[in-house]
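Coordinate analysis (summary)
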Amino acid sequence: MTLIELLIVMIVVAILASVAIPSYVSSVQKSHRTDAKTALTASAQAMERWFTQSNTYANVAVGSNGVFRASANGYYTISFGAGGATNTNATGYQLVATPVGSQAGDPCGALTLDQADNRGAATNGCW
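Let us look at the structure shown here. (Residues numbered from 1 in each chain as written. Predicted model: local features only at pLDDT ≥ 70, side-chain atom pairs only at ≥ 80, totals over all residues. Heavy atoms only, no water.)

1. Some details on the overall build of the chain
Quick reminder of the rule: For helices the rule is a DSSP run of H or I covering at least 4 residues; for strands it is a run of E covering at least 2, with both sets numbered from the N terminus onward. Atoms considered for the radius of gyration are the C-alpha atoms alone. The globule rule reads 2.2 Å times the number of residues to the power 0.38. Remark: exposure states derive from per-residue accessible area (1.4 Å probe, protein chains only) relative to the maximum for the residue type, with buried under 20%, exposed over 50%, and partly exposed in between. Any two residues having at least one pair of non-hydrogen atoms within 4.5 Å are treated as being in contact. The Shrake-Rupley method, run with a 1.4 Å probe, gives the accessible areas here. Residue values count only the displayed protein chains as cover. Positive charges come from Lys and Arg alone, negative charges from Asp and Glu alone, with His and the N- and C-terminal ends not counted. One atom stands in for each charge, and that atom is NZ of Lys, CZ of Arg, CG of Asp or CD of Glu.
A count of helical and extended segments in the chain gives 1 helix and 6 strands. Each helix and strand of the chain, ordered N terminal to C terminal, gives the series α-β-β-β-β-β-β. On C-alpha atoms alone, the chain measures out to a radius of gyration of 21 Å, which is more than a quarter above the 14 Å that the 2.2 N^0.38 rule sets for 127 residues. By the burial criterion, 30% of the 127 residues in the chain qualify as buried. The contacts in the chain between residues at least 6 apart in sequence include a share of 46% that link residues at least 24 apart. Surface exposure of the chain reaches about 7500 Å², of which carbon and sulfur atoms provide 60%. Charge-centre separation for the chain: the mean point of 6 positive side chains lies 6 Å from the mean point of 6 negative side chains.

Written out as structure tokens, the structure is:
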């Protein structure tokens, strides 16, 4: 095998890697979004149970009453949109899943879910 053949093989491998790695990263980030969706949905169910029992969405803190503090695998932290760690709105809520760690570079950014089942993200097609 000559040096030129070896260089050609290395160039082909580099081209393939430059195409495959971003695709792989995007696929991994997409699969990690399921972690946020699960945590948001379960937390929204907990908020609805709280509303059924107390006729208000207010006074629920992250980490209590079934509202998650972080997603199961730790790729997202959960908070309330307007109230931060505690919901202060008696008639509604907005849960926000903020990506952390390796997921922080996700182009979808923070995922949101509110009492009317409105789902949001920084870009379309993330939910």
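2. Some thoughts on unusual backbone geometry
At Asn55, a residue that is not glycine, the phi angle is positive and equals roughly 60 degrees. Classification of Asn55 by relative accessible area gives exposed; the value is 61%. Phi is positive for Asn65, which is not a glycine, with a value near 55 degrees. Mapping Asn65 onto the fold places it in the loop between strand 1 (60-61) and strand 2 (76-80).

3. Here we look at the pairing of strand 5 (residues 111-114)
Working note: regular strand, side chains alternate between the two faces of the sheet. We count it as follows: Think of it this way: DSSP has to see at least two bridges between two strands before they count as a pair.
Burial of the side chains of strand 5 extends over both faces: Leu111 and Leu113 are buried on one face and Thr112 and Asp114 on the other. Bridge analysis of strand 4 (residues 94-99) against strand 5 gives 4 bridges, and the strand direction is antiparallel. For Gln94, the partnering residue across the bridge sits in strand 5 and is Asp114. In terms of strand pairing, strand 5 meets strand 6 (residues 119-120) through 2 bridges, oriented antiparallel. Its bridge partner being in strand 6, Thr112 is matched across the sheet by Gly120. What sits between strand 5 and strand 6 in their antiparallel hairpin is a turn of 4 residues, with Asp117 showing a positive phi close to 65 degrees.

4. Quick notes on the sheet that holds strand 2
Each strand in a sheet pairs with another by means of backbone hydrogen bonds, the pair being arranged parallel or else antiparallel. Let me state the cut-off plainly: Every axis corresponds to a line fitted to the C-alpha atoms, with the helix fit spanning only the stretch in contact, and the corresponding angles, defined between N-to-C directions, vary from 0 to 180 degrees.
The strand order 2-4-5-6 describes an open sheet built from 4 strands, whose pairing is antiparallel. At either margin of the open sheet sits one strand with a lone partner, and together these are strand 2 and strand 6. Here helix 1 (residues 3-54) sits on the sheet and contacts strand 2, strand 4 and strand 5; the angle it forms with strand 5, its principal contact strand, is near 20 degrees.

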